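Here is what each chain is made of, one letter per residue.
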Amino acid sequence: MNTKRTLIVGNWKMHLTVAQSSLLAHRLHTVIAAHRDIEVVLAPNFLALQPLSLEIDRRRFRLAAQNAYFKDEGAYTGEVSFSLLSELVHYVIIGHSERRIYFEESLEMIRDKVAACVRNGITPILCVGETSAERKVGETKQVLHDQVVSALSNLTSEEVAGMVIAYEPVWAISTFGGELAKPDHVKGDIDFIRHQVAELYGSDTAKKVRVLYGGSVDDHIVSGYLELPGCDGTLVGGASLNYQKFGGIVEAAYRLNRKPKK
Ligand code: PGA
């Protein structure tokens, strides 16, 4: 029996004011119930984290930050550390392609952020994925290998087993074109990511680590990904800003979990 909870993460990016974030959270409470087998995570901007932490029903929702700085404290003007976030969030999204591309986050910086995240008792949601140029020249596996191996260095197998890796092909994210990645395509890449974890930390750890798919997922197409063996959930951008669509995604996960396995 699969004992992992399906993980559905809504990445609100730099959208919504604090008031709009509260309103969306309020609406999500009207369409999403507490499910034992599904974990729903909301990732609003930094400003909205504090108010939302007081407003959400914790049996239904958990919070994630979209980024943090790897130093725990000090003179780093403008930054927010994992230690400052540790009272507020269960998760932090690390290495999202928008951060790798727009903010030039390097493999080393992402490695240090993953380590800081774990050190502060927060679960990392590490995003990995190739660009369309890399895919076209057949470099997908090399890119995924480099991103996974570098980010996980310095961790114990227990720490890796507890973390989340989101496979997000850059070309499938709405920000960068939003081409549809077919579930058949995604399956091989999810397997490859898990295989990398197995090579480094053994098959037991690889089985435990949760691997998500993300990239233009909405309520209509989500089932195709969630049905893939080895896909433990999804990271949703655009569709997570619409409470009916996001509610529909959670509903689809709920129904799939109740469908008799073939
Ligand atoms: P999208 O974003 O669902 O809008 O493509 C996904 C993400 O950026 O995590």
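This write-up is about the structure you can find in this document. (Residues numbered from 1 in each chain as written. Predicted model: local features only at pLDDT ≥ 70, side-chain atom pairs only at ≥ 80, totals over all residues. Heavy atoms only, no water.)

On to the packing of aromatic side chains, then. What the rule picks out here adds up to five aromatic pairs. Seen in terms of ring centroids, tyrosine 69 and phenylalanine 70 are 4.7 Å apart; in terms of plane orientation they differ by 40°. Their pairing is tilted. The exposure classification of tyrosine 69 matches that of phenylalanine 70, with both residues buried. A centroid spacing of 5.2 Å and a plane angle of 50° characterise the contact between tyrosine 69 and tyrosine 76, whose relative ring orientation is tilted. On the basis of relative accessible area, tyrosine 69 is assigned to the buried category, the value being 16%. Overall, tyrosine 76 belongs to the partly exposed group, its relative accessible area being 33%. Ring pairs connect the aromatic residues Tyr69, Phe70 and Tyr76, which therefore count as one cluster. Above the face of the phenylalanine 192 ring, lysine 141 is positioned so that its terminal group lies 5.3 Å from the ring centre. (Phe/Tyr/Trp six-rings, centres within 6.5 Å; stacked < 30°, edge-to-face > 60°. Buried < 20%, exposed > 50% of the residue type's maximum accessible area, 1.4 Å probe, protein only. Lys NZ or Arg CZ within 6 Å of the ring centre and 35° of its normal.)

Right, let's talk about the pattern of salt bridges for a bit. On inspection of all chains with the given rule, the structure shows 17 salt bridges. The closest approach of N and O atoms between arginine 258 and aspartate 37, which form a salt bridge, is 3.0 Å. Highlighted residues: arginine 258 in helix α12 (residues 243–258) and aspartate 37 in the loop between α1 (18–31) and β2 (38–43), separated in sequence by 221 residues. Measuring nitrogen to oxygen at the nearest pair gives 3.2 Å for the salt bridge that ties arginine 111 to aspartate 112. You can call arginine 111 partly exposed: its relative accessible area is 26%. With a relative accessible area of 25%, aspartate 112 lands in the partly exposed category. If you follow the salt bridges from partner to partner, you end up with Lys4, Arg194 and Asp232 in one network. (Salt bridge = Lys/Arg side-chain N within 4 Å of Asp/Glu carboxyl O. Helix = DSSP H or I, 4+ residues; strand = E, 2+ residues; numbered from the N terminus.)

A few words now on the site of the ligand. The environment of the ligand is made up of 13 residues, and the closest members are Lys13, His96, Glu168, Ser174 and Ser216. Note that an oxygen atom of the ligand is positioned 2.8 Å from one of the side-chain N or O atoms of glutamate 168. Measuring from an oxygen atom of the ligand, one finds a side-chain N or O atom of serine 174 at 2.5 Å. Protein contact buries 99% of the 280 Å² of open area that the ligand shows by itself. By residue class, the composition of the shell around the ligand is four nonpolar, seven polar and two charged. (Near = heavy atom within 4 Å. Polar contact = N/O pair within 3.5 Å; in protein donor to acceptor, adjacent residues only side chain to side chain. Areas by Shrake-Rupley, 256 points an atom, 1.4 Å probe, with all protein chains shown as cover. Nonpolar A, V, L, I, M, F, W, Y, C, P; charged D, E, K, R; others polar.)

Let us now look at the pairing of strand β8 (residues 233–236). Neither face of β8 is open: one carries Gly233 and Leu235, the other Thr234 and Val236, and all of them are buried. Two strands pair when backbone bridges link them, and strand β1 (residues 6–11) and β8 are joined in this way by four bridges, in the parallel orientation. Looking at the pairing, leucine 7 lines up with glycine 233 of β8. Alignment of strand β7 (residues 210–214) against β8, held across two bridges, turns out to be parallel. (Pairing = 2+ DSSP bridges.)

Further remarks concern helix α2 (residues 46–55). Every α-helix carries 3.6 residues per turn, so stepping three or four residues along brings you back to the same face. Those residues of α2 not exposed but buried are Ala48, Leu49, Pro51, Leu52 and Ser53. At its buried positions, α2 is contacted by α1, β3 (61–65) and α3 (82–85). (Contact = heavy atoms within 4.5 Å.)

Residues Tyr91 and Ile93 of strand β4 (residues 91–94) are buried on one face, and the alternating residues Val92 and Ile94, pointing to the opposite face, are buried as well. Sheet topology places β3 next to β4; two bridges connect them, and they run parallel. Considered in β4, the bridge of alanine 65 is made with valine 92. Alignment of β4 against strand β5 (residues 123–128), held across four bridges, turns out to be parallel. When the sheet's bridge partners are listed, isoleucine 93 is paired in β5 with isoleucine 125.

Everything listed here is a matter of coordinates, which is why it stays silent on function.
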